[in-house]
Amino acid sequence: MKKEPKSLQEAILYFSDIDNSTGYLATKRWPKGVTCPICGSDHVSFNPNRRTWKCSSHHPRREFSVKVGTIFEDSAIGLDKWLTAIWMLTNCKNGISSYEIARDLKVTQKTAWFMLHRIRLALQDDDHGKLRGEVEVDETFIGGKARNMHLKKRERRITGRGGKDKTIVFGALERGGRIRTTVLAERKKKALHAQIKAQVQAGSALYSDALRSYDGLTQEYAHRVIDHAQKYVDGKVHTNGLENFWSLFKRGVSGTYISVEPFHLFRYLDEQVFRYNNRKGLKDSGRFNLALSNIINKRLTFSDLTGKTATTYAY
Ligand SMILES: [Zn+2]
C-alpha cells in the first residue's frame, strides 16, 4: 500500500484506488482487526472480489461492507468520492457548496447536497464538557431564505440584525479553547440563561454585550458587560472572538451556500464549529481522520434530512 495522503491532491489520487479507500477506512474503523457489526465476532472472512466480509456466526445480514453502520450505509456513491468530499469539507476555509462538490466529484448537485449533510453529521461536536476560564457569550441573527434575491439585498438580510424570518443562534466561546453554538427559538432571558448554565462552568469569567437578557448572571459568574453603544473593547471585556466567528460564518453562508433554510442551519454551524475547534494542532490529514473516526454509528436518511422522500424532493 502506498503511503497515506497528506494533501487534497494526494488524497484524490490515493482514494481513487478502491482497494486503498476500502483498506484505509477499514483500518480506521477496526484498528484492532475487523469485527462483525451485528454480533461483534472477529471470526470473519474477506471476499476480495466483493470487498465484503462474512461473519462465521449464523445470523441475518452476516455479509457486510465497510460502509455498514456508518454515514455511508445504503449509499451507491463510491468510497473514493465520499473520502475526497470529507477531505475537502474538513479542510476548506469557508465551506464548499454542493455545486462545487458536484463538479469536482462528477455527481449530481442533489447527491452532493445530501453527501455534505451526511458528512456534517460526522462533524457534530459530541464533547459536552462545560466551557471554563474566560468565556464570551453572544447571540446573532442569521438570514433564512435569501434565494432569488438581489445580491445587495441578500447581503443586508444575511448580515443584518432582527427580522422575523431570521434564525437566532447563541454562541459560547472559551478563549484559547472551543466554541459551541445552538439554534434558539428566542433570545429572552430564560432561554439565554439556560444555555449559559448548560454550557459554561459556574465561576468562570463571562463576557457579553449589554443585551438585557444577560442581566442577573453575577451570582454564578464573574460577569462583565461591554456596551456596544459606547465601545467594543475594554481590556479583556469584549466579545470579539465570537464576533469574528459570526462574520466568518455569515460570509460562508452568503458567499458559499447562497441560502440556508433555517431548518438546516445547525448543520452548517456544526461544520464551521468543527473547523474552528480543530484549526490548531492538526494537519489536514489529522482533521480528515478525526471526521472519519466519527462516522460510525451515525445515520442520516433522506427523509430525516428533508422531511420528504427522495422521489418527491425537487431541488
Ligand atoms: Zn456476526
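In short, a report on the structure.

What counts and what doesn't
Residues numbered from 1 in each chain as written. Predicted model: local features only at pLDDT ≥ 70, side-chain atom pairs only at ≥ 80, totals over all residues. Heavy atoms only, no water. Salt bridge = Lys/Arg side-chain N within 4 Å of Asp/Glu carboxyl O. Helix = DSSP H or I, 4+ residues; strand = E, 2+ residues; numbered from the N terminus. Donors = N, O, S within 2.8 Å, 3.2 Å for Na, K, Ca; no water. Buried < 20%, exposed > 50% of the residue type's maximum accessible area, 1.4 Å probe, protein only. Pairing = 2+ DSSP bridges. Contact = heavy atoms within 4.5 Å. Core = buried A, V, L, I, M, F, W, Y, C linked by side-chain atoms within 4.5 Å. Axes fitted to C-alpha atoms, helices over the stretch in contact; angles between N-to-C directions. Polar contact = N/O pair within 3.5 Å; in protein donor to acceptor, adjacent residues only side chain to side chain.

Let us look at the pattern of salt bridges. Scanning the entire structure with this criterion turns up 16 salt bridges. When the shortest N-O distance is used, the salt bridge between Arg175 and Glu136 registers 2.9 Å. Within this pair, whereas Arg175 is found in the loop between strand E5 (167-174) and strand E6 (179-184), its partner Glu136 is found in strand E4 (residues 134-142), the two being separated by 39 residues in sequence. Between Asp284 and Arg287 there is a salt bridge; the shortest N-O distance is 3.0 Å. Of the two residues, Asp284 and Arg287 are both situated in helix H10 (residues 284-292); the distance of three residues between them amounts to about one turn of the helix.

Moving on, we come to the coordination of the zinc ion. Perfect tetrahedral coordination of a metal by four donors corresponds to 109.5 degrees between them, and perfect octahedral coordination by six donors corresponds to 90 or 180 degrees. The zinc ion binds to the protein through Cys36 (SG), Cys39 (SG), Cys55 (SG) and His59 (NE2); the donor distances cover 2.1 to 2.4 Å. One chain supplies every donor to the zinc ion, and in sequence these donors are spaced C-x2-C-x15-C-x3-H. Taken together, the residues Cys39 in the loop between helix H2 (18-29) and strand E1 (44-47) and Cys55 in strand E2 (residues 52-55) connect sequence positions 16 residues apart. Since its relative accessible area comes to 1%, Cys55 is described here as buried.

A separate point is unusual backbone geometry. One non-glycine residue, Arg51, lies in positive phi territory at about 55 degrees. Residue position: Arg51 is located in the loop between E1 and E2. For Lys106, which is not a glycine, the phi torsion comes out positive at approximately 60 degrees. Here Lys106 is to be found in the loop between helix H4 (98-105) and helix H5 (109-123). Take Lys106: its relative accessible area is 68%, and that puts it in the exposed class.

What links the strands of a sheet is backbone hydrogen bonding, and the strands pair in either a parallel or an antiparallel sense. Strand order in the open sheet made by the three strands is E1-E2-E3, with antiparallel pairing throughout. Whereas interior strands pair on both sides, the edge strands pair on one side only; in this sheet they are E1 and strand E3 (63-64). As defined by bridge partners, E2 adjoins E3 across two bridges and the pair is classed as antiparallel. Looking across to E3, one finds that Trp53 is bridged to Phe64.

Once that is clear, we can look at the environment of Asp104. Mapped onto the elements, Asp104 comes out in helix H4. Taking the relative accessible area as the measure of exposure, Asp104 reaches 46% and is therefore partly exposed.

Attention shifts here to the pairing of E5. A large share of E5 lies buried, amounting to eight of its eight residues. Side-chain alternation along E5 places Thr167, Val169, Gly171 and Leu173 on one buried face and Ile168, Phe170, Ala172 and Glu174 on a second face that is also buried. Bridge analysis of E4 against E5 gives eight bridges, and the strand direction is antiparallel. Paired with Glu136 across the two strands is Leu173, which belongs to E5. Sheet analysis places E5 next to E6, joined by six bridges and oriented antiparallel. Bridging from a neighbouring strand, Gly171 pairs with Thr181 of E6. Between E5 and E6, which pair antiparallel one after the other, the connecting turn spans four residues, and Gly176 there sits at a positive phi close to 75 degrees.

Let us look at the side chain of Glu136. The class of Glu136 is buried, set by a relative accessible area of 1%. Among residues more than four places away in sequence, those in contact with Glu136 are Gly171, Ala172, Leu173, Arg175, Tyr207, His238, Thr239, Asn240, Gly241 and Leu242.

Looking now at the nonpolar core. If you look at the biggest cluster of nonpolar residues, it comprises 42 residues, and the most contacted ones within it are Phe72, Ile86, Ile101, Phe288 and Leu292. For this core, the secondary structure elements donating two or more residues are helix H1 (8-15), H2, E2, helix H3 (79-91), H4, H5 and H10. The contact partners of Ile86, leaving out residues within four places of it in the chain, are Phe72, Ile119, Phe288, Ala291 and Leu292. Counting 17 residues, the second-largest nonpolar core is a separate cluster that includes Leu173, Phe245, Phe249 and Tyr276.

Attention shifts here to the sheet that holds strand E7 (residues 205-209). Pairing in this open sheet of five strands is mixed, and the strands run E6-E5-E4-E7-E8 from one edge to the other. If you trace the sheet from one side to the other, it starts and ends with E6 and strand E8 (222-226), each paired once. Taken pair by pair, the neighbouring strands of this sheet meet at an average axis angle of 20 degrees, ignoring direction. Taken together, the five bridges between E7 and E8 define a ladder with parallel strand orientation. Among the inter-strand pairings, Leu206 is bridged to a residue of E8, identified as His223. Against the sheet, helix H8 (residues 240-256) contacts E4, E5 and E6, and its axis sits at roughly 35 degrees relative to E4. The strands that helix H9 (residues 265-277) touches are E4, E5 and E6; relative to E6, the one it contacts most, it runs at about 170 degrees.

With that out of the way, let us pick up the side chain of His223. For His223, the location among the structural elements is in strand E8. Of note is the side chain of His223, whose polar atom sits 2.8 Å from the side chain of Ser208. When sequence neighbours within four positions are dropped, the list of residues in contact with His223 reads Leu206, Ser208, Tyr214, Leu217 and Thr218.

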